[in-house]
Amino acid sequence: MKDFKKHILITGGAGFIGSHVVRLFVNKYPDYCIYNLDKLTYAGNLANLKDLEDKPNYRFIKADIVDGEHMLNLFAEHKFDGVIHLAAESHVDRSIANPMEFIMTNIVGTVNLLNAAKFHWQNDHSGKLFFHISTDEVYGSLGEEGFFTEETSYDPHSPYSASKASSDHLVRAYHDTFGLPMVISNCSNNYGPNQFPEKLIPLFINNIRNNKPLPVYGKGENVRDWLYVVDHANAIDIIYHKGRIGETYNIGGNNEWKNIDLIRVLCSVMDEKLKRPAGTSEKLITFVKDRAGHDLRYAIDSGKLQRELDWTPSLQFEQGVSLTVDWYLNNQDWLDEVTSGEYLKYYEEQYVKR
Ligand code: NAD
Ligand code: DAU
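We now turn to the structure provided with this report. Within any chain, residue numbers begin from 1 and follow the written order of that chain's sequence. Here the convention is simple: chains get letters from A, ligands get numbers from 1, in the order in which they are written. A pLDDT threshold of at least 70 governs which residues receive local features in this predicted model, and a stricter bar of 80 or more applies before side-chain atom pairs are shown or counted, although totals over entire chains, interfaces and linings include all residues. In computing side-chain properties, one takes all heavy atoms of the structure into account and sets aside hydrogens as well as water.

1. Topic: the pattern of salt bridges
Working step 1: Here a salt bridge means any side-chain nitrogen of Lys or Arg lying within 4 Å of a carboxyl oxygen belonging to Asp or Glu. In the structure shown here, the tally under the stated rule is 14 salt bridges.
Working step 2: Residue Asp31 is joined to Lys5 by a salt bridge in which the shortest nitrogen-to-oxygen separation is 3.9 Å. Within this pair, whereas Asp31 is found in the loop between α1 (16-28) and β2 (32-38), its partner Lys5 is found in the segment before β1 (6-11), the two being separated by 26 residues in sequence.
Working step 3: Only protein chains enter the accessibility calculation, which uses a 1.4 Å probe; a residue is then buried when its area is under 20% of its type maximum, exposed when over 50%, and partly exposed in between. The class of Asp31 is partly exposed, set by a relative accessible area of 28%.
Working step 4: Through salt bridges with shared partners, one network takes in Arg244, Glu247, Lys304 and Glu308. Put simply, DSSP marks the helices as runs of H or I at least four residues long and the strands as runs of E at least two long, and each gets a number from the N terminus on.

Shown next, in the form of structure tokens:
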């Protein structure tokens, strides 16, 4: 068997962002062995990684990070040098409906991985790294002005963001208490291919294509900072290789949009691509009850990452949206497959009974 330079565990690699990170690492680093560990929840889909199945430096492990003993055994078996930890329950609305899954995966699962890394790396920290992927939502909500920096105090409001905040604190605690080599990144809203259509952009693309209502929470005045997923994956690559141990890096698109404005852009791009008369999709906009505890505005200051590690987003938003819409329209089978079964039950609970 080939001798690999590094053995890197990527958790949640069958999900949206994870699949882009796995693809980048497998293709860019043929001398790394990449282990994609995923439980394959409703959000995990191996079809996202079909192109990698035969690559000699790619392995898939179906496992649940909540199983601590299994994590210890996997570290013993594969001698991971690095962990890029993306596995999580990631959808805010689901965390409001069912917080416990978020506590188990996002908090207990993260601690299980930390314990396995701590145990197996205790005698030699050289070349080891635990990279925890987190979110800007841990910082809470901004008013009309200002940005989240790495020094902003944590103030999470949803069970999802509170569980991610908790996991961030635990990763830092393992560094400060046990010397575990770690780094954390906190990123803004991602969009792009392979995102499960419960999140705003793919949900609305799917509903427009099916002429279904576009459920805008509240008045659509909440603001998010959008980043193309491939730019997030590139940032993760740079931070993994060049980030300073013990540090946090914010990642963002410098691309703020009020939901309703973004939705109007999406409607107009969809009308154009589907060759429907201008204004057709906007008629589907329906204002619905607001999300409980809905954070008003997120905006990231990613100056530290840009200055220290020379990262910048590569795509303008208009380009990113056009690429994204093209991807979903060219992959309607993917959309149909992931929107059957369990998803239909979720959709019924979330929107039809709202
Ligand atoms: P996703 O929901 O698309 O994917 C999550 C993946 O984790 C899925 O493949 C799922 O099967 C897997 N998973 C869930 N529970 C698991 C468990 N117990 N054991 C093993 N695998 C499990 O999420 P995403 O949007 O790709 O987000 C990935 C990470 O990035 C998350 O940690 C999220 O908090 C963070 N993040 C996401 C965004 C965003 O906009 N999507 C922004 C910033 C940070
Ligand atoms: O900021 C980073 C976070 O972005 C990540 O940590 C999360 O994992 C990711 O899900 C995302 O969270 P949001 O709650 O911001 O994303 P979502 O796509 O669910 O919603 C975006 C905005 O659109 C938000 O203000 C709620 C609104 N919305 C969402 C849905 C699904 C609607 O108005 N209608 C909807 O149907």
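2. Let's talk about the site of ligand 1
Working step 1: If even one non-hydrogen atom of a residue comes within 4 Å of a molecule or strand, that residue is called near it. Neighbouring ligand 1 are 29 residues, the closest being Ile17, Asp38, Ser90, Tyr160 and Lys164.
Working step 2: One of the backbone N or O atoms of Gly15 is found 3.0 Å from an oxygen atom in ligand 1.
Working step 3: In this structure, a nitrogen atom belonging to ligand 1 sits 3.1 Å away from a main-chain N or O atom of Lys39.
Working step 4: All accessibility values rest on the Shrake-Rupley procedure with a 1.4 Å probe; residue burial counts only the protein chains present in the view. Expressed as a share of its isolated accessible area of 840 Å², the protein-covered part of ligand 1 is 97%.
Working step 5: If you list the elements that add at least two residues to the shell around ligand 1, you get α1, β5 (129-135), α5 (159-178) and β7 (189-191).
Working step 6: It is β5 that provides the largest number of residues to the shell around ligand 1, a total of 3 residues. For this analysis, a polar contact is any N or O atom pair within 3.5 Å, provided that within protein one partner can donate a hydrogen and the other can accept it, and provided that sequence-adjacent residues contribute only side-chain to side-chain pairs.

3. Side note on the sheet that holds β5
Working step 1: Whether two strands pair depends on DSSP finding at least two bridges between them. Strand order across the open sheet formed by 7 strands is β3-β2-β1-β4-β5-β6-β10, with parallel pairing between neighbours. For this open sheet the edge positions go to β3 (58-62) and β10 (248-251), each flanked by a neighbour on one side alone. Pairs of neighbouring strands in the sheet enclose a mean axial angle of 20°, with direction left out of account. Fitting a line to C-alpha atoms yields each axis, with helices limited to the stretch in contact; the angle taken between N-to-C directions then spans 0 to 180 degrees.

4. Some points on the site of ligand 2
Working step 1: The environment of ligand 2 is formed by 25 residues, the closest being Thr135, Asp136, Tyr160, Arg291 and Tyr351.
Working step 2: Taking Asn259, its side chain carries an N or O atom lying 2.9 Å from an oxygen atom of ligand 2.
Working step 3: Protein chains bury 95% of the 690 Å² of accessible surface belonging to ligand 2 in isolation.
Working step 4: Of all the secondary-structure elements, those providing two or more residues to the shell around ligand 2 are α6 (200-209) and β8 (214-217).
Working step 5: For the shell around ligand 2, the per-class residue count stands at 11 nonpolar, 8 polar and 6 charged. Residue polarity follows a fixed list, in which Ala, Val, Leu, Ile, Met, Phe, Trp, Tyr, Cys and Pro are nonpolar, Asp, Glu, Lys and Arg are charged, and the others, Gly among them, are polar.

5. Notes on the pairing of β10
Working step 1: Alternating residues of β10 divide into Thr248 and Asn250 and Tyr249 and Ile251, and every residue in both groups is buried.
Working step 2: As defined by bridge partners, strand β6 (residues 182-187) adjoins β10 across 4 bridges and the pair is classed as parallel. Note that in β10 the partner of Cys187 across the bridge is Ile251.

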